[in-house]
Amino acid sequence: MQRIRLRYTKRGRLRFTSHRDFQRAFERALRRADVPMAYSAGFTPHPKVSYANAAPTGTGSEAEYLEIALTAPRAADELRELLDASLPDGLDITDAVEARTSGLADRLQASVWEMRLDGVSSEDARKAADAFLAADSVEVQRRTKNGMRSFDARGAVAGLEVVRPPSDRPQDKPCAILRLVVRHETPAVRPDDVLSGLRAVADLAPPVPAAVTRLAQGLFDEESGTVTDPLAPDREAVTAAPPTAAGLTAAKAPEGAGSA
């Protein structure tokens, strides 16, 4: 059985698709692309697909990950192209690598988020970010299926800064761009929790909902505060190891070979 790890995006209007919506779209893409999927056993077999740390509904993402199991070997790059062509624009497969190491989910230790705050000046956003980082803890509340829950939104935040808006953004209206690095801890701290924290410590309340996009997720380097590519160990292992059957071209036997 071959395992392939994929990186995919949720862009534009498709950021509003739920995780279940994506699962259905992805399984349809597997059928369209004629991928030789491995299936679970039991009365209701389903494709062996492992999803890791999906972004909340309503947020965009450039770095979602999943792993599929195949019954026949396929080249990762060819599989990526087939699946990408079978998915709607906005759900894009941007990377694929054969799994040569264990524990992809364990390598998703932190995320980098971008929050666009229309109607908020960069100066106001910077003051709020400084107040948030200076606090020992920032208690926020979130409604869960078991009711309202209070927790600290500060401890999981490894970085929070204001970055320069893109050059193509209109200059006549204020728009602050926050870059946020959050460790994946329990309970999970989401970008909307940090926005609630900014409101609590600095009364920062954007006039319109923030546009949130996950830029990266992976291993967290404590020294540099950066998040690294979680597929890099697999890519390095593939480079170092001999090619598998998926990467070999079948050699043609010379005419007449094997005849008595």
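Remember, it's a predicted structure, so these values are computed and weren't measured experimentally. (Residues numbered from 1 in each chain as written. Predicted model: local features only at pLDDT ≥ 70, side-chain atom pairs only at ≥ 80, totals over all residues. Heavy atoms only, no water.)

(A) Examining the overall build of the protein chain more closely. Helix and strand content of the protein chain: five helices and 11 strands. Projected onto its principal axes, the C-alpha coordinates of the protein chain cover approximately 90 × 45 × 35 Å. Relative to its full complement of 260 residues, the protein chain shows a buried share of 38%. Counting only contacts in the protein chain whose residues sit at least 6 apart along the sequence, the fraction spanning at least 24 positions is 76%. On the protein chain, roughly 14,600 Å² of surface is accessible, and the fraction owed to carbon and sulfur atoms is 48%. Between the mean site of the 35 positive side-chain charges and the mean site of the 37 negative ones, the protein chain shows a separation of 6 Å. (Helix = DSSP H or I, 4+ residues; strand = E, 2+ residues; numbered from the N terminus. Buried < 20%, exposed > 50% of the residue type's maximum accessible area, 1.4 Å probe, protein only. Contact = heavy atoms within 4.5 Å. Areas by Shrake-Rupley, 256 points an atom, 1.4 Å probe, with all protein chains shown as cover. Lys, Arg positive; Asp, Glu negative; His and termini not counted. Charge placed at Lys NZ, Arg CZ, Asp CG, Glu CD.)

(B) Up close: the pattern of salt bridges. According to the stated counting rule, one finds 17 salt bridges in the structure shown. With a shortest N-O distance of 3.5 Å, glutamate 222 and arginine 183 are connected by a salt bridge. Within this pair, whereas glutamate 222 is found in the loop between β10 (211–221) and β11 (226–228), its partner arginine 183 is found in strand β9 (residues 175–183), the two being separated by 39 residues in sequence. You can call glutamate 222 exposed: its relative accessible area is 56%. Residue arginine 183 is classed as partly exposed on the basis of its relative accessible area, which comes to 23%. Two residues, aspartate 229 and arginine 235, come together in a salt bridge whose shortest N-O distance is 3.0 Å. Taken together, the salt bridges that share partners define one network made up of Arg3, Arg5, Glu67, Arg107 and Asp234. (Salt bridge = Lys/Arg side-chain N within 4 Å of Asp/Glu carboxyl O.)

(C) Just the pairing of strand β1 (residues 2–10), in detail. Summarising burial for β1: seven of the nine residues are buried, a large majority. Two elements, β1 and strand β4 (residues 93–98), share five bridges in a ladder whose sense is antiparallel. If you follow leucine 6 over to β4, its bridge partner there is alanine 96. (Pairing = 2+ DSSP bridges.)

(D) Up close: the environment of threonine 186. Positionally, threonine 186 belongs in the loop between β9 and α4 (191–202). Threonine 186 sits in the exposed class, given a relative accessible area of 78%.

(E) Examining the environment of leucine 79 more closely. Assignment of secondary structure puts leucine 79 in helix α2 (residues 76–86). The sequence separation of leucine 79 and lysine 48 amounts to 31 residues, and the corresponding C-alpha distance is 16 Å. Ignoring sequence-local partners within four residues, the contact set of leucine 79 consists of Ile4, Val35, Ile68 and Leu70.

(F) Region of interest: the pairing of strand β3 (residues 60–70). The buried fraction of β3 is high, at 10 of 11 residues. The sheet contact formed by β1 and β3 spans eight bridges and is antiparallel. Each residue of the ladder has a partner; that of arginine 5, found in β3, is glutamate 67. Sheet topology note: the strand β2 (residues 49–52)/β3 ladder contains four bridges and is antiparallel. Its bridge partner lying in β3, serine 50 is registered against glutamate 67. Relative to β10, β3 runs parallel, the two being bridged by two bridges. Across the sheet, the residue bridging to serine 61 is arginine 214, located in β10.

(G) Structural context of the packing of aromatic side chains. Under the definition given, this model contains three aromatic pairs. Ring centres 4.1 Å apart and planes at 5 degrees place the aromatic pair tyrosine 8 and phenylalanine 22 in the stacked group. Of this pair, tyrosine 8 sits in strand β1 while phenylalanine 22 sits in helix α1 (residues 19–32), placing them 14 residues apart in sequence. There is no split in this pair, since tyrosine 8 and phenylalanine 22 are both buried. With centroids separated by 5.8 Å and ring planes inclined at 20 degrees, the aromatic side chains of phenylalanine 22 and phenylalanine 26 adopt a geometry described as stacked. (Phe/Tyr/Trp six-rings, centres within 6.5 Å; stacked < 30°, edge-to-face > 60°.)

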